[in-house]
Amino acid sequence: LLLLLLLQISGSCVWLGCGEVVTSFERSCPQFFFKETPPNEALKPNSPARICQRYKNKYYFATLYDRDLRIPVYSAYLYQPESGKRPNTWMVEPQLMGSVYPSAMAREWTLINYYNASLEQISKSQAVLVDYKNLTGLNRGHLNPSGHHPDNSSRTATFTLTNIVPQNEKLNGGAWKNYEQQIMIAQTRGCTTTYVVVGAVPGNNYIAGGRVNKPSHLWSGVCCEMDNGEEMKAWAVIAENDRNDVQLLSLGELEEALTKLYGRGQVSLFDSDCPRD
């Protein structure tokens, strides 16, 4: 029976999306970070999980996840928008329960019915769908949005609960949406490769009976290589999670703001070759 289970787990990536909890982004999925350099340790929570988010045998982005607060610290990805349908199937990360579970981004239903996991087991280290039910004034807010990706598989991969936070619904559907869909298009003109890190600052409030943290701020830092192959460009935004307003900043200004908000030392989001002013 054990052999059968192991065979089932090893083969699961064939029919499930894959997401791997890894020890190092530099070794496992460095391509989502400018010069293969992830943000520094000043953002690292007490109980971190590094996830290389993989779906149908391909990596699509990287997420640093806070197991205690059950929200992502940040998600990092390449900005490659195309038109397409928005997915609606939500998944979770089995390996947050332990390495004996498949390295597969999967639906709760699949884990419960095929891997004998209970909802209680799944929910110990991460948010589950019921945590986001019956919210008042809040939405499931993507850090890495599906609309910034070029095809169905890459957009589907963003629909994991390890990539969302409780976000003010007016902000999510207003100024933040405008930034994601309009300002990003304008800002990335002339960029050939655009690296994005989107994060959430933990707040003092919770949803789901204290299980899932509601961030105080959302932020995004962007570093792009220009089409001349030499010039670099960078910018950033930050938003309070109870106001429908997004501030456009330099990358250096965002890093200074995050240094104060996190209080864990000087924050660096990108390699030093990305301009701060």
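Residues numbered from 1 in each chain as written. Predicted model: local features only at pLDDT ≥ 70, side-chain atom pairs only at ≥ 80, totals over all residues. Heavy atoms only, no water.

You'll find the protein chain entered in an unreviewed UniProt entry as ENDD1 protein, with Eudromia elegans given as the organism.

**Q** Can you break down the overall build of the protein chain residue by residue, with the values?
**A** On a plain count of helices and strands, the protein chain comes out with nine helices and twelve strands. Compactness check: the protein chain gives a C-alpha radius of gyration of 18 Å against a globular reference of 19 Å for 277 residues, within 12% of the reference. Its C-alpha atoms give the protein chain principal-axis dimensions of about 60 × 40 × 40 Å. In the protein chain, which comprises 277 residues, the share counted as buried stands at 55%. Within the protein chain, contacts between residues at least 6 apart in sequence are counted, and of these 66% link residues at least 24 apart. When the accessible area of the protein chain is evaluated, it comes to approximately 12500 Å², of which 46% is carbon and sulfur surface. Computing the positive centroid from 26 side-chain charges and the negative centroid from 27, the protein chain places the two 8 Å apart. (Helix = DSSP H or I, 4+ residues; strand = E, 2+ residues; numbered from the N terminus. Rg over C-alpha atoms; globule rule 2.2 N^0.38 Å. Buried < 20%, exposed > 50% of the residue type's maximum accessible area, 1.4 Å probe, protein only. Contact = heavy atoms within 4.5 Å. Areas by Shrake-Rupley, 256 points an atom, 1.4 Å probe, with all protein chains shown as cover. Lys, Arg positive; Asp, Glu negative; His and termini not counted. Charge placed at Lys NZ, Arg CZ, Asp CG, Glu CD.)

**Q** Could you give an account of the pattern of salt bridges, naming the residues involved and the relevant values?
**A** All told, the structure shown has six salt bridges when counted by the stated rule. The closest approach of N and O atoms between D273 and K35, which form a salt bridge, is 2.2 Å. Linking D273 in the segment after helix 9 (251–262) with K35 in the loop between helix 3 (25–28) and strand 2 (48–55), this pair joins segments that are 238 residues apart in sequence. Where E240 meets R243, a salt bridge forms, and the shortest distance between an N and an O atom there is 3.7 Å. Accessibility expressed as a relative area gives 34% for E240, which makes it partly exposed. We classify R243 as partly exposed; its relative accessible area is 42%. (Salt bridge = Lys/Arg side-chain N within 4 Å of Asp/Glu carboxyl O.)

**Q** Lay out the state of the cysteines in plain terms, naming residues and giving numbers.
**A** Linking two cysteines covalently through their sulfur atoms gives a disulfide. Counting across every chain of the model gives three disulfides. For C29, the disulfide goes to C52, at an S-S distance of 2.1 Å. Disulfide C29-C52: the torsion about the S-S bond is -85 degrees, which places it as left-handed. One end of the pair, C29, is in the loop between helix 3 and strand 2; the other, C52, is in strand 2, with 23 residues separating them in the sequence. For C52, a relative accessible area of 0% gives the class buried. Each disulfide pairs two cysteine sulfurs, and for C191 the partner residue is C224, the sulfurs being separated by 2.2 Å. The S-S bond linking C191 to C224 shows a torsion near -55 degrees; that makes this disulfide left-handed. (Disulfide = S-S within 2.5 Å.)

**Q** Kindly report on the packing of aromatic side chains, identifying the contributing residues and their values.
**A** If you walk through the whole model with that rule in mind, you get five aromatic pairs. Geometrically, the ring pair formed by F25 and F33 is tilted, given 5.4 Å between the ring centres and 40 degrees between the ring planes. For the pair F25 and F33, a shared accessibility class is recorded, and that class is buried. Taking 5.9 Å as the distance between ring centres and 65 degrees as the angle between the ring planes, the aromatic pair formed by W109 and Y114 counts as edge-to-face. By relative accessible area, which is 48% here, W109 ends up partly exposed. Above the ring of Y59, the side-chain terminus of R54 is found at 5.3 Å from the ring centroid. (Phe/Tyr/Trp six-rings, centres within 6.5 Å; stacked < 30°, edge-to-face > 60°. Lys NZ or Arg CZ within 6 Å of the ring centre and 35° of its normal.)

**Q** So what's going on with helix 8 (residues 175–187)? Which residues, and what values?
**A** The terminal C-alpha atoms of helix 8 lie 16 Å apart, and with 13 residues this falls more than 12% below the ideal 18 Å at 1.5 Å per residue. Helix geometry: helix 8 is bent most strongly at Q181, by close to 30 degrees. Within helix 8, the full set of buried residues consists of A175, W176, Y179, E180, M184 and Q187. Here the buried face of helix 8 lies against strand 5 (138–142), strand 6 (164–168), helix 7 (169–173), strand 7 (191–201), strand 10 (217–226) and strand 11 (232–240). (Expected span 1.5 Å × (residues − 1). Bend = angle between axes of the 7 residues up to and from the residue.)

**Q** Account for the environment of P72, naming residues and giving values.
**A** Counting through the fold element by element, P72 comes out in strand 4 (residues 71–78). In this structure P72 comes out as buried when scored by relative accessible area, which is 0%. Put simply, P72 and V246 are 174 residues apart on the chain and 20 Å apart in space, counted from C-alpha to C-alpha. Contacts of P72, omitting those with residues within four sequence positions, involve T63, L64, Y65, L143, T162, N163, I164, V165 and A200.

**Q** Any chance you could break down the nonpolar core for me, citing the residues and the numbers?
**A** Judged by nonpolar contacts, the single largest core of 50 residues is most densely connected at L111, I122, W176, M184, V196 and W235. Listed by contribution, the elements that provide at least two residues to this core are strand 2, strand 3 (58–66), strand 4, strand 6, helix 8, strand 7, strand 10 and strand 11. If we skip the residues at most four places from it in the chain, V196 touches S75, A76, Y77, Y79, M184, S220, G221 and V222. (Core = buried A, V, L, I, M, F, W, Y, C linked by side-chain atoms within 4.5 Å.)

**Q** Tell me about a nonpolar patch on the surface, and please be specific about residues and values.
**A** Taken together, I112, L119 and V130 make up a surface patch of nonpolar side chains, about 230 Å² in accessible area. By secondary structure assignment, the location of I112 is in helix 4 (residues 108–114). Overall, I112 belongs to the partly exposed group, its relative accessible area being 35%. (Patch = residues over 30% accessible without salt bridge, like charges linked within 9 Å, V, L, I, M, F, W, Y side chains within 5 Å.)

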